[in-house]
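# Results of the structural survey
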Amino acid sequence: MIGESRSEFRLKNPPEDGISSVKFGPSSSQFLLVSSWDCSVRLYDVQANSMRTKYTHDRPVLDVSFQDAVHSFSGGLDNKLKMYDLNSNSESVLGSHDNAVRCVEFSNEVNVVLSGGWDGNVKMWDTRSSQCVGTLPQPDKVFTMSNVGEKLVVGTAGRKVFVWDLRNTAYIMQRRESNLKFQTRCIRCSPNKQGYVLSSIEGRVAVEYFDTAPEVQKKKYAFKCHRIKDNDIECIYPVNAISFHQVFNTFATGGSDGYVNIWDGFNKKRLCQFHRYNTGITSLCFSHDGSSLAIGSSYMYEQDVHPDPIPENNVYIRYVTDQETKPK
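For the structure given in this document, a descriptive report is provided here. (Residues numbered from 1 in each chain as written. Predicted model: local features only at pLDDT ≥ 70, side-chain atom pairs only at ≥ 80, totals over all residues. Heavy atoms only, no water.)

Next up on the list: the overall build of the protein chain. Counting its secondary structure elements, the protein chain contains two helices and 30 strands. Since a compact globule built from 328 residues should have a radius of gyration of about 20 Å, the 19 Å found for the protein chain is in line with a globular shape. For the protein chain, the spread of C-alpha atoms along the principal axes amounts to about 55 × 50 × 40 Å. Split into buried and exposed, the 328 residues of the protein chain put 58% on the buried side. Across the protein chain, the fraction of contacts at a sequence separation of at least 24, relative to all contacts at a separation of at least 6, is 44%. Counting every atom, the protein chain has about 14200 Å² of accessible surface; 45% of that belongs to carbon and sulfur. Positive and negative charge centroids in the protein chain, built from 38 and 37 side chains respectively, lie 5 Å apart. (Helix = DSSP H or I, 4+ residues; strand = E, 2+ residues; numbered from the N terminus. Rg over C-alpha atoms; globule rule 2.2 N^0.38 Å. Buried < 20%, exposed > 50% of the residue type's maximum accessible area, 1.4 Å probe, protein only. Contact = heavy atoms within 4.5 Å. Areas by Shrake-Rupley, 256 points an atom, 1.4 Å probe, with all protein chains shown as cover. Lys, Arg positive; Asp, Glu negative; His and termini not counted. Charge placed at Lys NZ, Arg CZ, Asp CG, Glu CD.)

Within the structure shown, the criterion is met by two cavities of 30 Å³ or more. Of the pockets and cavities examined, the largest cavity occupies roughly 50 Å³. As for the largest cavity, its lining consists of Ser190, Gln194, Gly195, Tyr196, Val197, Val207, Glu208, Tyr209, Phe244, Phe251, Gly265 and Phe266. Those elements that place two or more of their residues in the lining of the largest cavity are β19 (195-200) and β20 (204-209). The space that makes up the second largest cavity amounts to roughly 30 Å³. If you go around the second largest cavity, the residues you meet are Val161, Glu177, Ser178, Asn179, Tyr196, Leu198, Ala206 and Glu208. Breaking the lining of the second largest cavity down by element, the ones donating at least two residues are β19 and β20. (1 Å grid on protein atoms, 1.4 Å probe; cavity = no way out; pocket = protein on both sides within 12 Å on 5 of 7 lines; lining within 4 Å. Points joined across faces, edges and corners; volume = space filled by probe spheres on them.)

According to the stated counting rule, one finds 19 salt bridges in the structure shown. Here Lys23 makes a salt bridge to Asp63, at a shortest N to O gap of 3.3 Å. Here the residue Lys23 occupies a position in strand β2 (residues 19-24), and Asp63 occupies one in strand β6 (residues 61-68), the gap between them amounting to 40 residues. Relative accessible area serves as the criterion here: at 14%, Lys23 is assigned to the buried category. Asp38 is the partner of Arg42 in a salt bridge, and the nearest nitrogen-oxygen pair spans 3.0 Å. (Salt bridge = Lys/Arg side-chain N within 4 Å of Asp/Glu carboxyl O.)

Here it is in structure tokens:
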């Protein structure tokens, strides 16, 4: 088992089933939301290493997001988008989809909650009136989405990628296809608003740019990662998670190989790799100031022969240094 160190520790009272999402609060590295296949959303006080509150859905929860320090939103296989007040411990159902809610994001820019579903819709919600204020139809199931400024990037089944302008959703701003041959697993927008990073189930990551000018598009590229050679056989793993460092524009990736890597995508360099975790990495989130990285680790039942016993579900908090995260 991984030893605890000054730079990394495990949260107590982890979820009892697979961890689907870990999210730090918008302006503090003290509080972390964790959603799970055990149907729960948990709020942890990271500094005290204690679970502060927990609420549940009827079915597994696939994603969670903060709006501000005291409100969270979550969605999952019960097709519902829930809003929870972390101060008063009260919950309400904001709305629903016709199939599972796969992704939940909050947009500061237009002050709406965004939910992406397996029903092929992204919905925009006004939290004050609890109304759906817009539906953005996608061509297929929503697998992943990310928001920066006024832009929303949606990755669907069939390797499609759509860029929307949240201020004018009457039309799709850009229709794209993933440059990777296999199913999209995760998309995250870069904090500098210039582009996004996309990962696939086949050990690859693509760095993409919004600007369609040819000289900018020349800079896009893809690279292999999260692959392990064993006796001349290369095992290729899904890249499940991406999180950007909000200050340096570098990013971390997590894979089913149990590794976390940090990359300087703009200079095409790997900055570091952490030790191997006891099972796959399902979710990553840097705190707003980049001082901490939350790491969700769960076995995802991808192997033909499952390990016995099934590895524990854990959330690790790692205090990262500039050495690990700053472009060299």
